[in-house]
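# An overview of the molecular structure
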Amino acid sequence: MCIMSYKKVMMDVIRGGAAEFVPFAPRLDIWYRSNKLRGTLPQKYKNASLSDVIDDLQIGYNTMIPDFLDCDSEQDYIHRGIGLLTGATSNTHKVIFNNVDVTSEHTSKGLLVTYKTPHGEVSNITRLDDEMKSQGITAAAVVKHTIESVGDYKAVQYIFENAQVVPDYERFNKFQEKVGDRGIAVCLGNLRESGIRFINMELMKYEDAVFGMFDHPDEFLSLRKALDTFLDNLYDVAINSPADVINVGAHFDATLTPPPFFKKYVLPHLKKYSDAIHKKGKFMASHTDSENKGLLRYYIDSGMDIADSICTKPLTSLDYNDIRSVTGSNLTLYGVVPSIATLENSMSDYDFDHFIDELLLEIADDGARNVILSIADTTPPDAKFERVQRIAKLSRQVKPK
């Protein structure tokens, strides 16, 4: 049983108040699943659930990104090749495909899903085998993308124009009940916030999408607009859900979404959704787990409240003070500890102790506000568990000024 309300502590931070201490809420689902599958969980946790581990460590439950393997049936994952993530974690909707014949088949290459439309047939293949799971992979890899030629655009556009987003709030309420006071039950609307990124991150190979944007501008724009409308419908369901925090978009990066691209194609969508979220008295997060140099000012402009899984040196070029000097008190930084800091083959015990002591000192000197510690992007399967325990212990000693 959770011995204190981490939910309250974390919400106090997000609201800009002075929490009792700096909360630590690492994402542990990948670490837990991988080590359980390999039989390498710490001895005391051999028969423990993830919630048991969280309670024992006296840390918060991180639900910013779903446990992608927490599924009730194949219907939860067969559409992941077209960028749709539903499951029993962090989900508030289901999608019904009208006037489209959908078939799925397990093949030697992976899960083949075919969509038959009046404009032709398109398909994709995703793969997630036991070996991948043992390495900590929970999101299926796309082996074959849905759009491979200009002839596929119209069929995919038809799929999303006929896709109906239906609330599934009862399922989310069950998830919220499971999380309880351990943390905030976050709703992930979608990993993408805009039609253009839905295309170049989900439906096509990135480089093909870049060429397609210029080689076939009319078809590309028409599909993009259809996806924008679909995402509007999806986020409307998410925003009207019981969730207090809505996660909008993921994997912004100075290379994949350079500042000029971000300003033109991403920022307007984030601002639209943050305005709608704030009108409901809720908070918007985005999964900012990559290189954020040059993007931080646009995060502020977007109305984003929480920079989820934000990462620092030595995994990116920015340290805590670099980030805070731009964001000030406008953003809650949720992350800050880079994943490689927990790995013995990347950082020695001496260097880890020095790193975490310096980081916590910087946070304390900054007032110990607007920050929720986590391991960005996630706790690796091979993380040295004593380091997770040390962060948990030391974070409770850092008090806001």
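It should be noted that the structure appears before, not after, this text.
Keep in mind the model is a prediction, meaning the values are calculated, not measured.

### Some points on the overall build of the protein
Across its full length, the protein carries 14 helices and twelve strands. By the compact-globule yardstick of 21 Å for 401 residues, the protein fits well, its C-alpha radius of gyration being 21 Å. For the protein, the spread of C-alpha atoms along the principal axes amounts to about 60 × 45 × 40 Å. Across the 401 residues that make up the protein, the buried fraction comes to 57%. Within the protein, contacts between residues at least 6 apart in sequence are counted, and of these 72% link residues at least 24 apart. Per element, the accessible surface of the protein, about 16,500 Å² overall, is 48% carbon and sulfur.

### Thoughts on the pattern of salt bridges
Enumeration over the complete set of coordinates arrives at 21 salt bridges. Between Asp56 and Lys44 there is a salt bridge, with the nearest N and O atoms lying 2.9 Å from each other. Of this pair, Asp56 sits in helix H3 (residues 50-57) while Lys44 sits in the loop between helix H2 (29-38) and H3, and the two are twelve residues apart along the sequence. Between Arg197 and Glu193 there is a salt bridge, and its shortest N-O distance comes to 3.0 Å. A single salt-bridge network, built from bridges that share partners, covers Glu344, Asp349, Lys384 and Arg387.

### Section: the side chain of Ser51
Along the chain, Ser51 falls in helix H3. For Ser51, a relative accessible area of 11% translates into the label buried. Once you skip the residues sitting within four places of it in the chain, Ser51 turns out to touch Tyr61 and Arg182.

How each quantity is defined
- Residues take numbers from 1 onward in each chain, read along the sequence in its written order.
- In view of the model being predicted, local features appear only for residues whose pLDDT reaches at least 70, and side-chain atom pairs are presented and counted only at 80 or more, with totals across whole chains, interfaces and linings using the full set of residues.
- Excluding hydrogens and water, the side-chain figures rest on all heavy atoms present in the structure.
- Only runs of H or I of at least four residues qualify as helices and only runs of E of at least two qualify as strands under DSSP, and these elements are numbered from the N terminus.
- Restricting the calculation to C-alpha atoms gives the radius of gyration, and the globule rule supplies 2.2 Å times the number of residues raised to the power 0.38.
- Relative accessible area decides the class of each residue, using a 1.4 Å probe on protein chains only: under 20% of the type maximum gives buried, over 50% gives exposed, and in between gives partly exposed.
- Residues are treated as being in contact if the distance between any of their heavy atoms lies within 4.5 Å.
- Areas reported as accessible are Shrake-Rupley estimates using a 1.4 Å probe. Residue values count occlusion only from the protein chains shown.
- Whenever Lys or Arg places a side-chain nitrogen within 4 Å of a carboxyl oxygen from Asp or Glu, that contact is recorded as a salt bridge.

Bear in mind that shape data such as this cannot, by itself, settle questions of function.
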